[in-house]
Amino acid sequence: MQIVVDLTRCQGYAQCVFLAPEVFELHGEEGLLYTTAVPDDQVERVRQAAAACPVQAIVVGEAVSAGVR
Ligand code: SF4
């Protein structure tokens, strides 16, 4: 599954890092780093992270190819 994080929206709340630490990582001044191709065993965690993001910055799966934000 593909994901995109809108880094102009991301406020570094780190909810996603907490929920899916293998996919999302916060790096001080660089901000959020993440894996765009999510491994199958992380998909459910990433969906939870997307739902938990306070600013809906995480776009997952089908919505990525559709260009939906
Ligand atoms: S939960 Fe949302 S705002 Fe917080 S670090 Fe992750 S993408 Fe950014």
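Report on the accompanying structure. Counting restarts for each chain: residues are numbered from 1 in the order of the written sequence. Totals for whole chains, interfaces and linings use all residues, but because this is a predicted model, local features are given only for residues with pLDDT of at least 70 and pairs of side-chain atoms are given and counted only at 80 or more. Water and hydrogen atoms were dropped before computing side-chain values, which therefore reflect all heavy atoms in the structure.

## Considering the environment of Glu22
Put simply, the rule is: Strands are runs of DSSP state E lasting at least 2 residues, helices are runs of H or I lasting at least 4, and numbering of each runs from the N terminus. A simple rule labels every residue: compare its accessible area, found with a 1.4 Å probe on the protein chains alone, to the largest value its type can have, and call it buried under 20%, exposed over 50%, or partly exposed in between. Here, residues are in contact when the closest pair of their heavy atoms is within 4.5 Å.
Examined against the element boundaries, Glu22 turns out to sit in the loop between helix H1 (15–19) and strand E2 (24–27). Overall, the relative accessible area of 61% leaves Glu22 in the exposed class. Separated by 35 residues in the primary sequence, Glu22 and Ala57 place their C-alpha atoms 18 Å from one another. Residues within four places of Glu22 in sequence aside, it is in contact with Thr35 and Gln42.

## Considerations on the side chain of Gln42
Along the chain, the position of Gln42 falls in the loop between strand E3 (31–34) and helix H2 (43–52). With sequence-adjacent residues up to four places away left out, Gln42 is seen in contact with Glu22 and Val23.

## Overview of the site of the ligand
To keep things clear, this is the line we draw: One heavy atom within 4 Å of a molecule or strand is enough for the residue carrying it to be called near that molecule or strand. The definitions used throughout rest on a 1 Å grid laid over the protein atoms alone, on which a cavity is an enclosed set of points accommodating a 1.4 Å probe that cannot get out and a pocket is an open set flanked by protein within 12 Å on both sides along at least five of seven lines; lining residues are those having an atom within 4 Å of a point. Occupancy of a cavity or pocket is assigned to a molecule whenever over half of its atoms lie within 2 Å of that pocket's grid points. When residues are sorted by character, Ala, Val, Leu, Ile, Met, Phe, Trp, Tyr, Cys and Pro go into the nonpolar class, Asp, Glu, Lys and Arg into the charged class, and all the rest, Gly among them, into the polar class.
Taken together, the residues surrounding the ligand are Val5, Cys10, Gln11, Gly12, Tyr13, Ala14, Gln15, Cys16, Leu32, Cys53, Val55 and Ile58. A molecule is said to occupy a pocket when more than half its atoms come within 2 Å of that pocket's grid points, and by this definition the ligand occupies the largest cavity. For the shell around the ligand, the class distribution of residues is 9 nonpolar, 3 polar and no charged.

## A word on unusual backbone geometry
Not every positive phi belongs to a glycine, and Ala14 is a case in point at roughly 70°. For Gln56, which is not a glycine, the phi torsion comes out positive at approximately 50°. Along the chain, Gln56 falls in the loop between H2 and strand E4 (58–60).

## Comments concerning the nonpolar core
Note the threshold: Only buried residues count toward a nonpolar core, which is a set of Ala, Val, Leu, Ile, Met, Phe, Trp, Tyr and Cys residues joined through side-chain atoms within 4.5 Å.
Formed by 16 residues in total, the largest nonpolar core has its most connected members in Ile3, Val23, Phe24, Val46 and Ile58. Among the elements of the structure, strand E1 (3–5), H2 and E4 are those that each provide at least two residues to this core. Those residues in contact with Val46 that lie beyond four places of it in its chain are Met1, Ile3, Ala20, Val23, Phe24, Val38 and Val60.

## As for the pattern of salt bridges
Filter applied, for reference: The term salt bridge refers to a side-chain nitrogen of Lys or Arg lying within 4 Å of a carboxyl oxygen of Asp or Glu.
Evaluated as defined, the whole model comprises 1 salt bridge. Asp6 is the partner of Arg9 in a salt bridge, and the nearest nitrogen-oxygen pair spans 3.7 Å. A relative accessible area of 12% means that Asp6 is categorised as buried.

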